[in-house]
Structures are given as C-alpha cells and as structure tokens.
Amino acid sequence: MSEHAAPPEGADFGHDFARALDAADPLRPYRDWFVYADDTIYLDGNSLGRLPKGTPARLQEVVGDQWGRSLIRSWPRWTEFATAVGDRLGREVLGVDDGQVAISDSTTVNLYKLINAALDLRPDRRTILIEKDNFPTDLYVVQGIAQARGITCVYLDSDIDRGVDVSLVADALSDDVALVVLSHVAYRSGALADMVSITAAAHEAGALTLWDLCHSAGSVRIPLREATADFAVGCTYKYLNAGPGAPAYLYVRRDLQSQARQPIWGWFSQRDQFGMDQQYAAADGMARFLTGTPNMLGIASVDEGLNAIADAGIGQIQEGGRLLTGYAQLLADEWLRPLDFAVASPRQPSRRGAHLTLHHEQAWQVCQAMIARDVVPDFRTPDRLRLGFSPLTTSYDEVWRGLDQIRQIVQVGEHLAFPTERAAVT
Ligand SMILES: Cc1ncc(COP(=O)(O)O)c(C=O)c1O
Ligand SMILES: Nc1c(O)cccc1C(=O)C[C@H](N)C(=O)O
C-alpha cells in the first residue's frame, strides 16, 4: 500500500480482494494463536487486545503449581519476575537493552512516579509541557502534580487529527521547561509523533521527556534508544494482549537511574527489602521504580502475550498495521466519504499507528448501530469513530466486512434509531 493509500495494482473493492490480501499476509498464521469466540468483527484491539490461546494454561500454572502447590516457596522466582519480564518487553517491543524496563502498577501510577522523578531532576525549572489532546489520565496526573508542586502546566495547541510536530514543541520550550509529556501514538487520531526530533529539541533546551507508549507498544517500532528518550510508560492490555487490568510498565534510561527517585517509597523499591530496616534506602536499577507487591498473575499474562510479538517481530507487525490502516482508508474513501465520513487521522500510513479514525457528525449513533450488528469499534468524543486494527489478530476480511457494515448502516439510516446521548461507558 503506498504512502498515500492509492489502490495497489489490480486492487478492487470486492470481498475477494480482501480474501486475497489475507491469503498473502505473512502475519496470517498468528491468528491461530488467539481466541476468536464467535463471528464478532473486532475493531478495538487498541482498547483491549484479544486473548492469546496460551494464556489460560499459563495462568493455571501460576495459580495451580506456583501458588497452589509451592505457596511462599515461589517467592524466589517471583521477586525477579517484574524486572525479568520488563527486560523481555524492553527487548522485543521497546527495542532497548536489559535493565531499563520494569512491569509495575498501572500507567496512571507510573505517570505519577516518573513525572515526579523527572521534576526532581530539574529543580530550578517550573513548567511542564503537555499536548492538550493527550490521553485524559496523562492530563489529570500532570494537573494534580502541577497543583501540588505549585508549578505551571503549559498545553501544546496540537491539531486534534494530526497530533504534535516538532516545531510546536520547539516553540514552547524555554529554560523554564523541566519536562515534556507526550504520547507516541495519539489515542484519538492515531497520529505518530516524531520521538527522535522532539526528544532532541527538548534535550537541547535542557528539558526531559516522558513518552506514553500505550498505543504504540506492539503496533509500531519505538525509537526510544535512537532518541535517547528519558522516561516512558505504557499499558499491556492493548496490542500486548495481556488482558484487562494487566500491569503496566515503565522505562528509565540507564544513566538517569542512579539520580532519579520516584515518590512512592514502597518496600519493593528498598535496597535490602527483607532487611526490614526502618529507614528507606532506594534500590539500584529498575527495582527502585517498583512500589509494593507486583501482580504475579498479571505479569505472567504479559509474558505470555509477548510470545506472538517476539515470534513475528515488531518490524513485520508495524508493516502489517500500515497495510491494514491503508486498506481501511481506501475503503473509507470509496464507500464512506460519500456518506459524510472523513478520515480524522494522518493520511500517510507511516504517520500513524495501527488505528484509523473517522469523523462523522452522528458517530455515536453509528457506533451503537455497529455494536448491535456485532461489529465493535470505539466512539471517541466529540464525533469520532475509532477503528483499531491489531496486526496480529485483525484480518483484511474483518476490515472489509466492518467497513461494509458501516456503509450499509448509514446508507439506510439505521443508526438514526439509536440514542443521540452518549452512554457513560463507551
Ligand atoms: C494513552 C493512554 N494512556 C493511559 C491509558 C490508561 O492508563 P491506565 O492503564 O492507568 O488506566 C490509556 C488507556 O486506557 C491510554 O490510551
Ligand atoms: N483502559 C480502559 C478501561 O479500563 C475501560 C475502557 C477503555 C479503556 C481503554 O483502554 C481505552 C483506551 N486507552 C483509549 O485509548 O481510549
């Protein structure tokens, strides 16, 4: 699929062409690694990824053998688990060397830990920069910390459909900016930020960077190493397929680790944890960014979810995501533009992650009508239909049928029978 999503040679809009793309798809064998319980067309792998077939047995092993049989005797193997699986995630997904990633807490809690750690490294600076359309939890955590510390939060006025570019960040940098908080792939539009140039601009101004990788981990290559990015956080339940509420991860560049301190001084970050000292002394390495007892079932699930990614390789996965979103864009241009839809993501596949967002004035009603037909997208405010394509689990056939269903719904006005008022949970 070309950069501008022109139809490939011989392409047509028929169902057979989608089937032919599936037949030629090198990622197709990985569909067999996941559970497809019914015929639902699932276009929401960027909210909650599918269940890997190996996960139930893996969890049963942790529950039955490690917990049920070995009980506390499992702790020697459990204590290293958060950093061992963090290392694996670092190598396979984030492209960084061992000793810089740990599995811990939720993304929200990790944001709190690392934003505070970063601000403490720049004590003379009083400003945090954040994109105004960053994911809400990132905004809220930054706002809370800014209020608690009495510092300023400056919002980058990014384009809702195109995300941030380096000039926007560069123009806002000054010698008062301590930290820039951005998402690598924007949750609403899928816009991919230029991590390398933005980090370079921040560093030139003496600021640190913290990247939210929730929508990029497992969908695109992440140039943390090339960018010499400082800090990063992300969740594991989207393209990493670790399941609802699975623990998140954090990344701290190695040379920052000895100076950085996070504010939750739990005993899992204590140097000699079982020395039971009264006084806190931060552990070395990534252990100092842990807090309390890690969730062993959750970490096992993260480890299991990494198997397919490690086998396929992130390069092939990124290419798959570009082809899927490119194909979806072709169909959207042909079928949905005449029905008042517009692409609300960057048009070039290389400028976005693995989801494609469409604008439509009645997007909420369309979303409900789709779900009633067992086609699962996401609605995102104010009027966006977000279609998440998970390269390991979404087929071209699903893309074709999903977009065809949207076309059928809107052509006959079926969506107009659904409530206009947004439900609390979407
Ligand atoms: C970009 C981004 N950051 C953070 C989160 C959520 O963080 P948490 O796992 O703490 O709910 C999400 C999705 O839920 C997200 O898309
Ligand atoms: N984490 C979620 C949840 O607990 C409930 C519902 C949705 C989510 C999501 O992950 C949403 C997702 N991060 C988004 O980009 O919108």
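Note that the structure is a prediction, hence the values are computed from the model and not measured. (Residues numbered from 1 in each chain as written. Chains lettered and ligands numbered in written order. Predicted model: local features only at pLDDT ≥ 70, side-chain atom pairs only at ≥ 80, totals over all residues.)

Caption draft 1: Fine view of the overall build of the protein chain. Within the protein chain, the secondary structure is distributed over 13 helices and 13 strands. Against the compact-globule benchmark of 22 Å for 426 residues, the protein chain has a radius of gyration of 22 Å, which places it among compact chains. On the principal axes, the C-alpha backbone points of the protein chain span a range of 70 × 55 × 40 Å. Looking at the 426 residues of the protein chain, the share that counts as buried comes to 48%. Within the protein chain, contacts between residues at least 6 apart in sequence are counted, and of these 74% link residues at least 24 apart. (Helix = DSSP H or I, 4+ residues; strand = E, 2+ residues; numbered from the N terminus. Rg over C-alpha atoms; globule rule 2.2 N^0.38 Å. Buried ≥ 20, exposed ≤ 12 C-beta atoms within 10 Å, placed from the backbone. Contact = placed C-beta atoms within 7 Å.)

Caption draft 2: Representation of the sheet that holds strand S13 (residues 384-388) in the model. Here we have 4 strands laid out as an open sheet, ordered S9-S10-S13-S12, and antiparallel in their pairing. The two strands at the open ends of the sheet, each matched to only one other strand, are strand S9 (342-343) and strand S12 (378-380). Alignment of S9 against strand S10 (residues 355-359), held across 2 bridges, turns out to be antiparallel. Its bridge partner lying in S10, Val343 is registered against Leu358. Along the sheet, helix H12 (residues 363-372) contacts S12 and S13; its crossing angle with S13, the most-contacted strand, is approximately 45°. (Pairing = 2+ DSSP bridges. Axes fitted to C-alpha atoms, helices over the stretch in contact; angles between N-to-C directions.)

Caption draft 3: Structural view of the UniProt feature "modified residue: N6-(pyridoxal phosphate)lysine" (unreviewed entry) in the protein chain. According to UniProt, the "modified residue: N6-(pyridoxal phosphate)lysine" (unreviewed entry) feature falls on Lys238. In this fold, Lys238 is placed in the loop between strand S7 (231-234) and strand S8 (249-252). Look at Lys238 and you get buried, because 27 C-beta atoms sit within 10 Å. Every residue in contact with Lys238, bar those within four places of it in the chain, is listed here: Gly45, Asn46, Ser47, Gly49, Cys214, His215 and Gly218. (UniProt positions renumbered as here; feature names shortened; annotations may be inferred.)

Caption draft 4: Just the site of ligand 1, in detail. Every one of the 13 residues lining ligand 1 counts as a neighbour, but Ser106, Thr107, Thr108, Phe135 and Cys214 are closest to it. Elements represented by at least two residues in the shell around ligand 1 include exactly helix H5 (107-121) and helix H6 (136-149). (Near = placed C-beta within 6 Å.)

Caption draft 5: Structural view of the sheet that holds strand S5 (residues 177-183). One open sheet accounts for 7 strands, arranged S2-S8-S7-S6-S5-S3-S4; its pairing is mixed. On the outer flanks of this sheet lie strand S2 (101-103) and strand S4 (152-156), each paired with one strand and no other. On average, each strand axis in the sheet is tilted by 20° relative to the strand beside it, whichever way the strands run. Two strands pair when backbone bridges link them, and strand S3 (residues 127-131) and S5 are joined in this way by 4 bridges, in the parallel orientation. Among the inter-strand pairings, Thr127 is bridged to a residue of S5, identified as Val177. Along the sheet, helix H4 (residues 81-94) makes contact with S2 and S8, crossing S2 at roughly 120°.

Caption draft 6: Highlighting helix H8 (residues 195-204). When we look at burial in H8, the residues that qualify are Met195, Ile198, Thr199, Ala201 and Ala202. For H8, the angular spread of the buried residues around the axis is 160°, confining them to a single face. Of the surrounding elements, those touching the buried residues of H8 are helix H7 (166-172), S5, strand S6 (208-212) and helix H9 (224-227). Looking one or two places after H8, you find Gly206, whose phi comes out positive at around 80°. (Arc of directions from axis to C-beta.)

Caption draft 7: Quick peek at the packing of helix H11 (residues 314-336) against helix H13 (residues 396-412). The N-to-C vectors of H11 and H13 enclose an angle of 25°; their axes lie 10 Å apart at closest approach. Put simply, H11 runs roughly parallel to H13. Crossing geometry of H11 relative to H13 is assigned as right-handed. Contacts from Leu324, Tyr327, Ala328, Leu331, Ala332, Trp335 and Leu336 of H11 reach H13 at Tyr396, Val399, Trp400, Leu403, Ile406 and Arg407. Grouping the constituent residues of the contact of H11 with H13 by class yields 12 nonpolar, no polar and 1 charged. (Parallel < 35°, antiparallel > 145°, perpendicular 65-115°, else oblique. Left-handed = near helix turned anticlockwise from the far one by under 90°. Nonpolar A, V, L, I, M, F, W, Y, C, P; charged D, E, K, R; others polar.)

Caption draft 8: Layout of the environment of Glu226. Note that Glu226 resides in helix H9. Given 12 C-beta atoms within 10 Å, Glu226 falls into the exposed group. When the C-alpha positions of Glu226 and Gly95 are compared, they lie 9.4 Å apart, and in sequence the two are 131 residues distant.

Caption draft 9: Up close: the packing of H12 against H13. Their axes nearest at 10 Å, the elements H12 and H13 cross at an angle of 115°. Once H12 is placed against H13, the crossing between them reads as right-handed. Of the residues in H13, those in contact with Val366, Ala369 and Met370 of H12 are Gln405, Ile406, Ile409 and Val410. Looking at the contact of H12 with H13 residue by residue, the class counts come to 6 nonpolar, 1 polar and no charged.

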